[in-house]
Amino acid sequence: MNLGVRVDTRIKENLKKYQTQLLRLKELNAKEPPTEKVAMDMLCDLFGYDLEHVFGQYGNNNGRACDAVIKDDKKVFYVFECKRVGTEKKEFNKHVRQVIEYCSTLNVPWGILSNGIYWQLYYVDVKAQPVTATLVWDFDVLELSHRQAAHREVLLPLCREAISKRLKESILEEKRALSTENIARVLLSDEVLKAISGVFKRKVGVRVDMDTLEAKIRELCPNLPENIRGFRAPKKKDKPAQPEIKVVVNNEGKSACAVCATEEQK
């Protein structure tokens, strides 16, 4: 992932500063308002959004308001929900429903949940019944080093510049492609099984048939869904047995071909 030198420089210059502020908030066990203030500043200074793009306490038709949305004049890009800095990572699961609710009400498919330190990016399928959320990207700011380019890249999917590059959509597509079901189908496909059979022939001296290989792979990988079938070509049906042909000689000495019955005629 690469969004250019300017974005990389911005992250490098601001990451350490906000890590220091977050550690201080954590020591003080700060409540939600001061945490939210720092997180909003991070959206601008670290992730590159202008102040006019971040709208706090954005309301919905139910009279409830999410902590903020990130938008321009035409479109809301993200719903943002912030929790106090002391919220543990394991507690985030119970707060995802708020993100789902706000995204569904505002018809916005992308939501961010954070406590300033830990950030989660969700894709919310607002058209599904029921509405579902997929965790697309997450990171812990305190685990990153501003000196390492690979660590700075971790922040890129949430940056303003990533929106036009459709970076988060690309990550979601890859995540879906690498689902357990797809990996199982590819692993049990004719192409992979034939390749494995060929390796057995070259290295072991025995060619193992594909059905035996599939059974063994399922035995070694018990977590593969039983109802998932690999990308396998349908098996050819056995050809029907050819009827037995015999020559019958009649009383006049003439011969004729006849099909033998399966049972002797009585």
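Residues numbered from 1 in each chain as written. Predicted model: local features only at pLDDT ≥ 70, side-chain atom pairs only at ≥ 80, totals over all residues. Heavy atoms only, no water.

Asker: Looking at this structure, I do not really get the side chain of Ser-189. What am I missing?
Answerer: Mapped onto the elements of the fold, Ser-189 is located in the loop between α7 (180-187) and α8 (190-203). Polar side-chain contacts of Ser-189 include one of 2.7 Å to the backbone oxygen of Val-186. (Helix = DSSP H or I, 4+ residues; strand = E, 2+ residues; numbered from the N terminus. Polar contact = N/O pair within 3.5 Å; in protein donor to acceptor, adjacent residues only side chain to side chain.)

Asker: Explanation requested: the pattern of salt bridges in the structure shown.
Answerer: Note that side chains of opposite charge can pair when their charged atoms are close. In the structure shown here, the tally under the stated rule is eleven salt bridges. Across the pair Lys-17 and Asp-45 runs a salt bridge whose closest N-O atoms are separated by 3.9 Å. Here the residue Lys-17 occupies a position in helix α1 (residues 5-28), and Asp-45 occupies one in helix α2 (residues 32-45), the gap between them amounting to 28 residues. By relative accessible area, which is 37% here, Lys-17 ends up partly exposed. Of the charged contacts in the structure, one is a salt bridge between Lys-216 and Glu-219, with a shortest N-O distance of 3.4 Å. (Salt bridge = Lys/Arg side-chain N within 4 Å of Asp/Glu carboxyl O. Buried < 20%, exposed > 50% of the residue type's maximum accessible area, 1.4 Å probe, protein only.)

Asker: How should a nonpolar patch on the surface be read in this particular structure?
Answerer: Taken together, the side chains of Phe-200, Val-204 and Val-206 make up a nonpolar region of the molecular surface, amounting to roughly 250 Å² of accessible area. Mapping Val-204 onto the fold places it in the loop between α8 and α9 (210-220). We classify Val-204 as exposed; its relative accessible area is 56%. (Patch = residues over 30% accessible without salt bridge, like charges linked within 9 Å, V, L, I, M, F, W, Y side chains within 5 Å. Areas by Shrake-Rupley, 256 points an atom, 1.4 Å probe, with all protein chains shown as cover.)

Asker: Would you mind showing me how to read helix α6 (residues 167-177) here?
Answerer: A turn of α-helix holds 3.6 residues, and therefore any two residues three or four places apart point the same way. Along α6, the positions that sit buried rather than exposed are Leu-167, Lys-168, Glu-169, Ile-171 and Leu-172. Tucked into the core, α6 has its buried residues touching β3 (76-82), β4 (110-114), β5 (118-125), β6 (132-140) and α5 (161-165). (Contact = heavy atoms within 4.5 Å.)

Asker: Honestly, the environment of Val-124 in this entry has me stumped. Any pointers?
Answerer: Within the element layout of this structure, Val-124 appears in strand β5. Residue class for Val-124 comes out buried when judged on its relative accessible area of 0%. Taking the C-alpha atoms as reference, Val-124 lies 7.2 Å from Gly-111; in sequence the two are 13 residues apart. If we ignore the near neighbours within four places in the chain, the residues touching Val-124 are Ile-100, Cys-103, Pro-109, Val-131, Thr-132 and Ala-133.

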